[in-house]
Amino acid sequence: MIPTKEEWIKALEERHGQTLQQKFASASVAVCGLGGLGSNISLCLARAGIGRLILIDFDRVDITNLHRQQYKAHQIGMYKTEALAENLREIAPYLSLELHTETMTEENTPQLLQNAQIICEAFDRAENKAMLVNRVLETMPEKFLVAASGMAGISSANSVRTRRITSRFYLCGDESSDTGSGLGLVSSRVMCCAAHEAHMVLRILAEQTEP
Amino acid sequence: MVIINGTSLPMDGKTLSEYLEMSNYNPLRIAVERNGHIVPKAKYNEITLTDGDVLEIVSFVGGG
């Protein structure tokens, strides 16, 4: 049986303290790309009691995603937005979700992100990462942006870190290991980078703005 | 001197585009901050690096 909303809030407040939990509950966070980074970021944020997630991805779940992305075998073929929403609702039934099953472009980015207070870049391709980061920093300077670069391969998880680039822009990852140079993506290292992104979001909400 | 990604370099007088090209950056994979502000891609050609500038060039790699 699913607990009531009051029981849910009480349990979260016992863990995080009432002040911090209220900040999490009133936050709206966008996750751009729902692959290895985005699906794991979303799970972390949902479990922490973030109030509203804006989930954006054009793609469907594929068998090659399952080694690192938070989907299930029976969800192959579903849109990632819908499959992830299903999984998140099982974990956090009172989470508010806004789903956008479309490709992000320079044109639609400002509108898709207008309700977000903090934005997570969680794309796979370097060109898409750069497009989103440039677009957000140019047109939405009031928002916080957490991006990722470099988490491929089996190298040490200790080289994955968070760096503050400017007052509202953070970059997670080792900034070098590239899938383009033939490295595969390993679930634990991608999750580690996703956890860096999610943790920075929670720290920003806690007004702890250093990485 | 211009500080680029933490290193002091004698790049005064060059445009940002010239520096990016000589350093083999792919303009489609980067974001450039100059003195704490993002440089719009359309301005890469216009901006001349000057003494005391602090640049951070973020070069993205694939994976996610």
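These numbers come from a predicted model, not from an experiment.

Scoring rules and cut-offs
Residues numbered from 1 in each chain as written. Chains lettered and ligands numbered in written order. Predicted model: local features only at pLDDT ≥ 70, side-chain atom pairs only at ≥ 80, totals over all residues. Heavy atoms only, no water. Axes fitted to C-alpha atoms, helices over the stretch in contact; angles between N-to-C directions. Helix = DSSP H or I, 4+ residues; strand = E, 2+ residues; numbered from the N terminus. Parallel < 35°, antiparallel > 145°, perpendicular 65-115°, else oblique. Left-handed = near helix turned anticlockwise from the far one by under 90°. Contact = heavy atoms within 4.5 Å. Buried area = accessible area lost by both parts, 1.4 Å probe. Salt bridge = Lys/Arg side-chain N within 4 Å of Asp/Glu carboxyl O. pLDDT = per-residue confidence, 0-100. UniProt positions renumbered as here; feature names shortened; annotations may be inferred. Core = buried A, V, L, I, M, F, W, Y, C linked by side-chain atoms within 4.5 Å. Buried < 20%, exposed > 50% of the residue type's maximum accessible area, 1.4 Å probe, protein only. Polar contact = N/O pair within 3.5 Å; in protein donor to acceptor, adjacent residues only side chain to side chain. Pairing = 2+ DSSP bridges. Nonpolar A, V, L, I, M, F, W, Y, C, P; charged D, E, K, R; others polar.

Notes on the packing of helix α3 (residues 36-48) of chain A against helix α4 (residues 80-91) of chain A
Residues and elements named next belong to chain A. The geometry of α3 relative to α4 is characterised by a closest axis approach of 10 Å and an angle of 25° between their N-to-C directions. Our classification of the angle between α3 and α4 gives roughly parallel. For the element pair α3 and α4, the recorded crossing hand is right-handed. Contacts between α3 and α4 pair G38, S39, S42, L43, A46 and R47 from the former with L84, L88 and I91 from the latter.

Considering the interface of chain B and chain A
The interface is formed by 20 residues belonging to chain B together with 30 residues belonging to chain A. Summed over both partners, the interface of chain B with chain A comes to about 1,800 Å²; 60% of that surface belongs to carbon and sulfur atoms. Area buried by chain B at its contact with chain A is led by F60, V61 and G64 of chain B, which between them contribute 36% of it. On inspection of chain B and its partner chain A, the count reaches two salt bridges. Across the salt bridge formed by E56 of chain B and R163 of chain A, the nearest N and O atoms sit 2.9 Å from each other.

Examining the confidence of the model for chain A
Here chain A averages 97 in pLDDT, and 100% of its residues register 70 or above. Element-level mean pLDDT values for chain A span from 96 in strand β6 (residues 161-166) of chain A up to 99 in strand β1 (residues 28-32) of chain A.

A look at the UniProt feature "domain: THIF-type NAD/FAD binding fold" (unreviewed entry) in chain A
When the UniProt feature table is mapped to this numbering, "domain: THIF-type NAD/FAD binding fold" (unreviewed entry) covers residues 17-161 of chain A. Segment residues 17-161 of chain A splits into 35% helix and 17% strand. End C-alpha atoms: 27 Å apart.

Focus: the nonpolar core
Residues and elements named next belong to chain A. Grouped together as the largest cluster of nonpolar side chains are 45 residues, with contacts concentrated most on L37, I41, L45, I50, L53 and L88. Among the elements of the structure, β1, α3, β2 (52-56), α4, β4 (118-121), β5 (144-148), β7 (169-173) and α7 (187-205) are those that each provide at least two residues to this core. Looking at which element gives the most residues to this core, the answer is α7, with ten residues. For I41, the residues in contact, after removing those within four places along its chain, are V31, C120, A122, A194, E197 and A198.

Describing unusual backbone geometry
Among all residues except glycine, the phi angle is most often negative; among peptide bonds, the trans geometry is most common. A positive phi angle, close to 65°, is found at E175 of chain A, a residue other than glycine. Exposure remark for E175 of chain A: the relative accessible area of 23% places this residue in the partly exposed category. Here the phi dihedral of N5 of chain B falls at roughly 45°; this positive angle occurs in a residue that is not glycine. Its place among the elements puts N5 of chain B in the loop between β1 (2-4) and β2 (7-9).

Side note on the environment of S42 of chain A
All names here are of chain A. Its place among the elements puts S42 in helix α3. The exposure class of S42 is buried, given its relative accessible area of 0%. For the pair S42 and L132, spaced 90 residues apart in sequence, the C-alpha to C-alpha distance is 18 Å. Not counting residues within four places of it along the chain, the set of residues in contact with S42 comprises V31, L34, L53, L55, L84 and L88. From its side chain, S42 meets the backbone oxygen of G38 in a polar contact 2.8 Å long.

Thoughts on the sheet that holds strand β4 (residues 37-38) of chain B
Taken in spatial order, the five strands make up an open sheet running β2-β1-β5-β3-β4 (chain B), and their pairing is mixed. The strands lining the two open edges of the sheet, one partner per strand, are β2 and β4 of chain B. Strands β3 (30-34) and β4 of chain B of the sheet are contacted by helix α6 (residues 126-139) of chain A, whose axis makes an angle of about 30° with β3 of chain B.

Section: the pattern of salt bridges
All names here are of chain A. For the coordinates displayed, the defined rule picks out 13 salt bridges over all chains. Notably, a salt bridge pairs E210 with R164, separated by 2.9 Å at the nearest N-O pair. One end of the pair, E210, is in the segment after α7; the other, R164, is in strand β6, and 46 residues separate them in sequence. Given a relative accessible area of 48%, E210 falls into the partly exposed group. A residue is classified by how much of its surface remains accessible, and R164, at 29% relative accessible area, is partly exposed.

Re the packing of α3 of chain A against α7 of chain A
Residues and elements named next belong to chain A. Remark: α3 packs on α7, axes separated minimally by 8 Å, with the N-to-C direction vectors making an angle of 45°. As far as their axial angle goes, α7 and α3 are oblique. Between α3 and α7 the crossing geometry is right-handed. Here G36, L37, N40, I41, C44, L45 and A48 of α3 lie close against α7, whose contacting residues are V190, M191, C193, A194, E197, A198, V201 and L202. When its residues are assigned to classes, the contact of α3 with α7 shows twelve nonpolar, two polar and one charged.

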